[in-house]
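Here is what each chain is made of, one letter per residue.
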Amino acid sequence: MFEGWGVDLTVVPRGPAAGGGPARLAEALPLASMPDAELSLELERVQQLKAALAAYEAALVVTLAGQRPEADDPRSGEPGHSASSSSPVPGASEFFVEELAVVCNTSSVAADRLAGDSWILVERLPCVWAAMADETLDRPRGQVFVDVLGPTADGVAEQVAPRVLPSAPGLSLRRLRAALTREVLAVDADASEVRRAEAERAAQVRLYPTGDGMAEFSTELPAPLAAACWSTVDQLAQMAKADGDPRPIGQLRAGVVADLILRPWDTTRPPVTAHLTVVSPLASLGPGAGPPGEVAGQPITAAHVRELLVQLDALCPGGLQAPAGGSLEVAVTDGSGALLATAGRGELARIARQSCGEHPEAAGGTAGCGCPVLGPPPAVDGYTPNAAQRRFQRQRDRGCRHPGCGQPVGRTDLDHVTAYGDGGPTDCSNLCCLCRRHHRLKTFVRGWRFVLTEHGVLRVTTPGGITRTTRPPGLRDLTGQPARPAPPPPPAGPDEPPPF
């Protein structure tokens, strides 16, 4: 299908860089001495290569999908079958996207988009694929073809693309989208209504962390409804500004959105409790700068940890208390961030009163025996983990551990990495959190390999041999730190030769 095509590359000899490694292109090529015209031509060439590589990537994705047929998936009536799952590449395994996500080191959502777009480009828009491969159409314009023509009915894209393609390089992205849309309506007048209905069914609310203790709360709505919501938020924020609120208008709009959703003044609605897990080293709770803690998996400063705990009534003159109407859980970590134990407020109080149990004279701290009194829950007989193990594992993993997956821990299963039927123990060293989809993949799909190592480090290998490693949140990677120097050898005795 792709015979006779290749990426045109210019080979430039590259010597070693100053640091001893391979030279970078920007260092190997004489950029500083290039005239403006040559720099512009080089940038244009880069855009052409991006298009050719995008076409090559699409061909690779579609070819790999062909090596993962849906016939390998569990069938109806077999364990692991899911009637609601499908692949964006017709005929490919529903789990192909998961392999593509690991290979490309991205999320399942991004891999699903890449797989679907690649199939549309190669199979439904071969003329667009060829134009990108031949470097006559750039990647952004090729993506417009995919976005507009991908959702259309069979035969529509095949008719429209050749009509618009000759003029596409000279059109702006907006005008190209409009031209494609007009042609689609000319071929299939019902397409616009069908796509609108499909887009409304795909409406979604998303949350993205943006750093510095902030996050983006995004809502995708039908355009008229979104415009009405924006107008309401803006008018209320402008009213607050006119009343003398000195905060920036963007901050006022954000506050209006939060108030309209949470409605703190409305006591007629059923109460809703928001549960937030706070993980912090003990040093962060004392005076002065301590190590950073975490809230919902995002790093924050020690001062922010203390401020948050005060707001939640977790720190008070009477000691560490649960917030009103909620619960308190303490996670104990070592210096590397590895989870050692979890405990509730009552458990901590009992431990403080009873010490280790083996040395009752040490109760109350009058005599430090040094025995560990709090650690991971022990293994259990049988298949089902107990409540202590579930609490420990969910606090350690805090979400699905499959590479690139973002499912929260509340939507995961506690899975035996080495199957219980194969002798895997029901122990924290053999348990990890996987969402239902990745639990099915690990259990029923051939060729995948999952290995759990010390402190919950998970290594996942695809059928094609690509391995990715995920670490529990907060666990630092110590492998890259310099090793301590070996101790000097003992001095040689008078009758001993020196060591070699």
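Analysis parameters
Residue numbers restart at each chain and count upward from 1, following the sequence in its written direction. Two thresholds apply to this predicted model, a pLDDT of at least 70 for residue-level local features and 80 or more for giving and counting side-chain atom pairs, whereas whole-chain, interface and lining totals are computed over all residues. Calculation of side-chain values draws on the structure's entire complement of heavy atoms; hydrogens and water are dropped beforehand. Numbering goes from the N terminus for both helices and strands, where a helix is a DSSP run of H or I of at least four residues and a strand is a run of E of at least two. The cut-offs for exposure are 20% and 50% of the maximum accessible area for each residue type, with area from a 1.4 Å probe on protein chains only; residues under the lower value are buried, those over the upper are exposed, and the others partly exposed. By the convention used here, residues are in contact when the closest approach between their heavy atoms is within 4.5 Å. In what follows, salt bridge is the name for a side-chain nitrogen of Lys or Arg lying within 4 Å of a carboxyl oxygen of Asp or Glu. Residues belong to a common nonpolar core when they are buried Ala, Val, Leu, Ile, Met, Phe, Trp, Tyr or Cys residues joined through side-chain atoms within 4.5 Å. Grid points spaced at 1 Å and placed over the protein atoms alone form the basis of the search, with a cavity being a set where a 1.4 Å probe fits but cannot get out and a pocket an open set showing protein on both sides within 12 Å along at least five of seven lines. Lining residues have an atom within 4 Å of a point. Grid points are joined across faces, edges and corners, and a volume is the space filled by probe spheres set on the points. Under this grouping Gly is polar, as are all residues other than the nonpolar Ala, Val, Leu, Ile, Met, Phe, Trp, Tyr, Cys and Pro and the charged Asp, Glu, Lys and Arg. Geometry is summarised by axes, namely lines fitted to C-alpha atoms with helices restricted to the contacting stretch, and by angles between N-to-C directions that run from 0 to 180 degrees. For classification, angles of less than 35 degrees are called roughly parallel, those exceeding 145 degrees roughly antiparallel, those between 65 and 115 degrees roughly perpendicular, and all remaining angles oblique. Two helices cross in a left-handed way if the nearer one is turned anticlockwise from the farther one by less than a right angle. They cross in a right-handed way if the turn is clockwise. Multiplying one less than the number of residues by 1.5 Å gives the expected span of a helix. A pair of strands is treated as paired once DSSP finds two or more bridges between them. Any pair of cysteine sulfurs within 2.5 Å is marked as a disulfide. Note that the arc is defined by the directions from the helix axis to the C-beta atoms. Two joining distances apply to patches: 9 Å for like charges and 5 Å for nonpolar side chains (Val, Leu, Ile, Met, Phe, Trp, Tyr), and every residue must have over 30% relative accessible area and no salt bridge. To be clear on the numbers: accessible area is Shrake-Rupley with a 1.4 Å probe, and residue cover counts the displayed protein chains and nothing else. Geometry of aromatic contacts follows a simple scheme: Phe, Tyr and Trp rings, the Trp one being its six-membered ring, pair when their centres are within 6.5 Å, and the pair is stacked under 30 degrees between planes, edge-to-face over 60, tilted otherwise. Scored from 0 to 100, pLDDT records how confident the predictor is in each individual residue.

A. View of the overall build of the protein chain. If you tally the helices and strands in the protein chain, you get 15 helices and 14 strands. Considering the protein chain as a whole, with its 500 residues, one finds that 30% of them fall into the buried category. For the protein chain, restricting intrachain contacts to residue pairs at least 6 apart in sequence, the fraction spanning at least 24 positions comes to 51%.

B. Structural view of the pattern of salt bridges. Summed over all chains, the structure comprises 20 salt bridges. Residue R247 is joined to D245 by a salt bridge in which the shortest nitrogen-to-oxygen separation is 2.9 Å. The partly exposed category is assigned to R247, whose relative accessible area is 38%. When the shortest N-O distance is used, the salt bridge between R436 and D413 registers 2.5 Å. Remark: D413 occurs in strand 10 (residues 412-416) and R436 occurs in helix 15 (residues 436-444); sequence separation between them is 23 residues. Residues participating in the shared-partner salt-bridge network are E94, E98, R437 and R440.

C. Expanded view of the nonpolar core. One finds L125, V128, F145, L149 and L180 to be the most contacted residues of the largest nonpolar core, which totals 32 residues. Of all elements in the fold, only helix 2 (36-66), helix 4 (108-124), helix 5 (126-133), helix 6 (139-149), helix 7 (156-164) and helix 8 (173-187) reach the threshold of two or more residues within this core. With sequence-adjacent residues up to four places away left out, L180 is seen in contact with V144, F145, V148, L149, V160 and V164. Counting 15 residues, the second largest nonpolar core, distinct from the first, contains V102, C405, L434 and V460.

D. Region of the structure containing empty space enclosed by the protein. The tally for this structure, following the rule as stated, stands at one cavity of 30 Å³ or more. Approximately 50 Å³ is the volume found for the largest cavity. The wall of the largest cavity is formed by 10 residues, among which G337, L339, R396, R398 and P473 lie closest to the centre. Secondary-structure elements contributing two or more residues to the lining of the largest cavity are strand 8 (329-333) and helix 14 (387-397). When its residues are assigned to classes, the lining of the largest cavity shows five nonpolar, three polar and two charged.

E. Region of interest: the packing of helix 6 against helix 8. Look at helix 6 against helix 8: their axes get within 10 Å of each other, and the N-to-C directions meet at 30°. Between helix 6 and helix 8, the crossing angle belongs to the class labelled roughly parallel. With respect to the hand of their crossing, helix 6 and helix 8 are arranged in right-handed fashion. On helix 8, the residues touching P140, R141, V144, F145, D147, V148 and L149 of helix 6 are L173, L176, R177, L180, T181 and V184.

F. The arrangement of helix 11 (residues 249-262) in detail. Its 14 residues give helix 11 an end-to-end C-alpha distance of 20 Å, which sits within 8% of 20 Å, the value for a rise of 1.5 Å per residue. R263 occupies a position one or two residues after helix 11 and carries a positive phi of about 45°.

G. Structural context of the pairing of strand 10. Among the five residues in strand 10, five count as buried, and that is most of the element. With burial as the criterion, each face of strand 10 is covered, one bearing T412, L414 and H416 and the other bearing D413 and D415.

H. Representation of the sheet that holds strand 12 (residues 449-452) in the model. Spatially, three strands are ordered 12-13-14 in an open sheet, and the strand pairing comes out antiparallel. For this open sheet the edge positions go to strand 12 and strand 14 (467-470), each flanked by a neighbour on one side alone. Geometrically, the sheet is characterised by an average inter-axis angle of 15° between neighbouring strands, direction not taken into account. Bridging between strand 12 and strand 13 (residues 458-461) involves four bridges; their strand directions are antiparallel. From the neighbouring strand, V451 faces strand 13, where its bridge partner is R459.

I. Broad picture of the state of the cysteines. Enumeration according to the criterion identifies zero disulfides in this entry. Among the cysteines around C432, which has no disulfide bond, C433 carries the closest sulfur, lying 6.9 Å off.

J. Spotlight on helix 7. Considered for burial, the residues of helix 7 that qualify are V156, A157, V160, A161 and V164. The arc that holds every buried residue of helix 7, seen down its axis, measures 105°, which confines them to one face.

K. Highlighting a nonpolar patch on the surface. A surface patch of nonpolar side chains, about 600 Å² in accessible area, is lined by V205, L207, F217, V257, I261 and L262. Put simply, the parts of the chain that give the nonpolar patch at least two residues each are strand 1 (204-211) and helix 11. Considering every element that reaches the nonpolar patch, the biggest residue donor is helix 11, with three residues. By the secondary structure assignment, I261 is in helix 11. The class of I261 is exposed, set by a relative accessible area of 51%.

L. The arrangement of the packing of aromatic side chains in detail. Within this structure, the stated rule accounts for one aromatic pair. Taking the centre distance of 5.6 Å and the plane angle of 75° together, the rings of Y383 and Y420 count as edge-to-face. Of this pair, Y383 sits in the loop between helix 13 (345-354) and helix 14 while Y420 sits in the loop between strand 10 and strand 11 (431-435), and the two are 37 residues apart along the sequence.

M. Local environment of the confidence of the model for the protein chain. Here the protein chain shows a mean pLDDT of 80. Residues at 70 or above account for 72%. No element of the protein chain has a lower mean pLDDT than strand 6 (residues 315-316), at 52, and none a higher one than helix 5, at 97. Below a pLDDT of 50 lies the segment residues 363-368, which in the model reaches eight contacts outside its immediate sequence neighbourhood of four places, other chains included. In the predicted structure, residues 480-488 sits below a pLDDT of 50 and forms zero contacts with residues beyond four places in sequence or in another chain.

N. Representation of the pairing of strand 2 (residues 214-220) within the structure. Looking at chain direction, strand 1 and strand 2 are connected through seven bridges and run antiparallel. Considered in strand 2, the bridge of Q204 is made with E220. Linking strand 1 to strand 2, which pair antiparallel, is a turn of two residues; within it D212 sits at a positive phi near 55°.

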